[in-house]
Amino acid sequence: MARILGIDLGTTNSVMAVMERSGPIIVPNSLGERLTPSVVSFTKSGEILVGKKAKRAAIMNVGRTVFSIKRHMGTNYRVKIDGKEYTPQEISATILQKLKHDAEEYFGEEITQAVITVPAYFNDAQRQATKDAGEIAGLKVRRIIDEPTAAALAYGLDKEQDQIILVYDLGGGTYDVSIIEVISGVFQVLAIQGNTHLGGDDFDRRIVNYLLDQFKKKHNIDLSDDPIAMARLKEAAEEAKIELSELKETHILIEAITMTDKGPITLDEVLTRSQFESLVDDLIQQTIPPMLQAIEDARLEPAKINTVLLVGGSTRIPAVQRLVKDTLKKTPHRDISPEEVVALGAAVQTLILSPIEGEIEETLATRYGREKPVIIHMTPFSLGVGLINDQYGIIIERNSTYPTEAKDIFTTTRDFQEAVSFPVYEGDEPIASENTFLDLLRIEGITPAPRGVPRIEVTFKLNADRILEARAEDLATGVEKKITIAATGSKLSEAEKARMIKEARERVTKMLRAKIRERREEETQDILSRVEKALATSGSHPMAGELRTKSEELRNAVKSGNEETIEPLMDEVLRLLTEVEMAAR
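As the structure is a computational prediction, the values presented were derived from the model and not from experiment.

Caption draft 1: Summary view of the overall build of the protein. Within the protein, the secondary structure is distributed over 14 helices and 27 strands. Across its three principal axes, the protein shows a C-alpha extent of roughly 105 × 65 × 60 Å. Counting the 585 residues in the protein, one finds 53% classified as buried. Across the protein, contacts joining residues at least 24 apart in sequence account for 65% of those joining residues at least 6 apart. In the structure as shown, the protein presents an accessible area of about 26900 Å², 48% of it carried by carbon and sulfur atoms. For the protein, the distance from the average site of its 75 positive side-chain charges to the average site of its 93 negative ones is 1 Å.

Below, the structure written as structure tokens:
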């Protein structure tokens, strides 16, 4: 059975997992670490770094390192480096490519399929952009799944009782709250609320601003225009935030953060947990209304919530934990790592897509009371079309379960119209243009007739990834127009996507060649070290001179990168070396 990788493509960190017979497991990256920073850095030499290496390079690679690209998914945002523009899909694909490669190295086999998680409050364009990123990275994206639902899947393992779970998901850049009912292995999403622009990055920014203010008060110097200083402040702020989850205070020391005529100046501040909580209190408070609204949308009372599950690294902040506990009068569960639970759930989701057998089937039947868990999703936004006088014609209602299909019939507003345009919107404002514009559905060639006579049927089909397909049909002629929705600014053409896929493959080839070259250099160095030792003790051997000559040729071939001669020279040096070593025994 081909492995399907479960991926939590996070704002700050990304995590991958697979399903094994014993249950879902986290797959470590090439450094043996469970979290991979979602950071991409473009070096001046043309190398592209991803993860921890990119994060370390950020300070010396200012303006060439990309953080938190997830916040820009589904928009027309572009990163410009060395005159070339990169879309959020391309940057995300680079991260996914790194995860894919590391998983392949770990398992020793090719991985071509993935389940990728997204915030439940991600709109259609953001979901499509995430799917595009996976395809650019060389992955067939089998499913886009909501992060809170994935977390509930992971948490649902080994839990025998039926329950209603509130998932409070506060990550690096997004916030979601979902209410999920679990009955005999059926996971039904009852409500979703959130904010795709609220998370740990905002907490870090508050610390950075505080440090800027303190430094200016002490030294009358504004560091905000110094890119290198700002990069160092950002790194220090993130570390301070993490430390304050465990400590009452933290010491922030950045030596020589700036230079003056009198020499370097060091930033030296102590930040207490209470100060930090004061700095971010309003941000944390912003998570309450969506939480209460989700409970109301699910037609529940807080007392009906059985389990509260914390997801995302920002939920390690004690003030966040207190707020959730005080609001819901229930102690949140923290028995699964908040950074890893979403990836583990994505791995469980892969089972729903793959054939299972033997022990796994028995394990699932025991855990869920059925062969496979069932997920019933719902959409937090209405979907509809703009009509005359900016009216909003809703076709798929908010809180509808999906996959689903719905349709409505519209007509013309002018005599003898031969084309009709339907702006497609996502949202719940009564005025159409106040919602999020997704795309334009335009049908041409309809039967010319007095206004109000033509019957145009508009069908919305929401698939299992919550990506929308819209179709308009003239019922008189059968003429139709179909589009897969994506926000105009972020929609990739087939040509653009093909180019990005080609460039991604070239990056992989380049990376593999670099690794092969690195390993060959290490292997060659080991052989040459053995040669030196052998010649030191057996310099009078008849083949010593030839060994010395051939080893020097091998050294030069590796330096020059002469691939054609390295392998035969290595074989020849090893043959001579073996004879010299054998004679010395």
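Caption draft 2: Here's a closer look at the pairing of strand 2 (residues 13–20). With 6 of 8 residues buried, strand 2 is to be regarded as a mostly interior element. Examined bridge by bridge, strand 1 (residues 4–8) and strand 2 share 3 bridges and lie antiparallel to one another. When the bridges of strand 2 are listed, G6 appears paired with A17. Where strand 1 hands over to strand 2, the hairpin turn is made up of 4 residues, counted between the paired strands. Note that strand 2 and strand 4 (residues 36–37) share 2 bridges and pair antiparallel. Across the sheet, the residue bridging to N13 is P37, located in strand 4. Relative to strand 3 (residues 23–26), strand 2 runs antiparallel, the two being bridged by 4 bridges. Bridge assignment links A17 to a residue of strand 3, and that residue is I26.

Caption draft 3: Layout of the packing of aromatic side chains. The tally for this structure, following the rule as stated, stands at 7 aromatic pairs. Between the aromatic rings of Y121 and F381, the centroid separation amounts to 4.8 Å while the plane-to-plane angle is 50 degrees, which identifies the pairing as tilted. With a gap of 260 residues between them, Y121 in the loop between strand 10 (113–118) and helix 3 (124–136) and F381 in the loop between strand 18 (374–378) and strand 19 (383–386) connect regions that are remote in the sequence. Its relative accessible area of 17% is what places Y121 among the buried residues. A relative accessible area of 13% means that F381 is categorised as buried. Between Y425 and F437 the ring centres are 5.9 Å apart and the planes differ by 65 degrees, which places this aromatic pair in the edge-to-face class. With Y425 in strand 23 (residues 419–426) and F437 in strand 24 (residues 436–444), this pair connects stretches of sequence that are 12 residues apart. Y425 gets classed as buried once you look at its relative accessible area, which sits at 10%. Just above the ring of F107 sits the side chain of R3; from NZ or CZ to the centre is 3.9 Å. Its end group placed over the ring of F67, K234 keeps NZ or CZ at 4.3 Å from the ring centre.

Caption draft 4: Fine view of the sheet that holds strand 6 (residues 48–50). Within the open sheet, the 3 strands sit side by side as 6-5-7. Their pairing is antiparallel. The sheet terminates laterally at strand 6 and strand 7 (65–66), the two strands that pair on one side only. As paired elements, strand 5 (residues 40–42) and strand 6 share 3 bridges and run antiparallel to each other. Bridge pairing links S41 to L49 in strand 6.

Caption draft 5: Here's a closer look at the sheet that holds strand 20 (residues 392–396). With antiparallel pairing, the 4 strands of this open sheet are ordered in space as 20-19-23-24. With partners counted over all chains shown, the strands left at the sheet margins are strand 20 and strand 24, one partner each. Neighbouring strand axes in the sheet, compared pairwise and without regard to direction, differ in orientation by 30 degrees on average. Inspection of the sheet shows strand 19 paired to strand 20 by 4 bridges, in the antiparallel sense. Residue pairing across strands places V385 opposite G393, the latter belonging to strand 20.

Caption draft 6: Structural detail: helix 10 (residues 341–353). For helix 10, spanning 13 residues, the distance from its first C-alpha to its last is 19 Å, which sits close to the expected 18 Å at 1.5 Å a residue. Within helix 10, 12 of the 13 residues are buried, which leaves it mostly tucked inside the rest of the structure. For helix 10, every residue scored as buried is listed here: V341, V342, A343, L344, G345, A346, A347, V348, Q349, T350, L351 and L353.

Definitions and cut-offs
- Residues numbered from 1 in each chain as written.
- Predicted model: local features only at pLDDT ≥ 70, side-chain atom pairs only at ≥ 80, totals over all residues.
- Heavy atoms only, no water.
- Helix = DSSP H or I, 4+ residues; strand = E, 2+ residues; numbered from the N terminus.
- Buried < 20%, exposed > 50% of the residue type's maximum accessible area, 1.4 Å probe, protein only.
- Contact = heavy atoms within 4.5 Å.
- Areas by Shrake-Rupley, 256 points an atom, 1.4 Å probe, with all protein chains shown as cover.
- Lys, Arg positive; Asp, Glu negative; His and termini not counted.
- Charge placed at Lys NZ, Arg CZ, Asp CG, Glu CD.
- Pairing = 2+ DSSP bridges.
- Phe/Tyr/Trp six-rings, centres within 6.5 Å; stacked < 30°, edge-to-face > 60°.
- Lys NZ or Arg CZ within 6 Å of the ring centre and 35° of its normal.
- Axes fitted to C-alpha atoms, helices over the stretch in contact; angles between N-to-C directions.
- Expected span 1.5 Å × (residues − 1).

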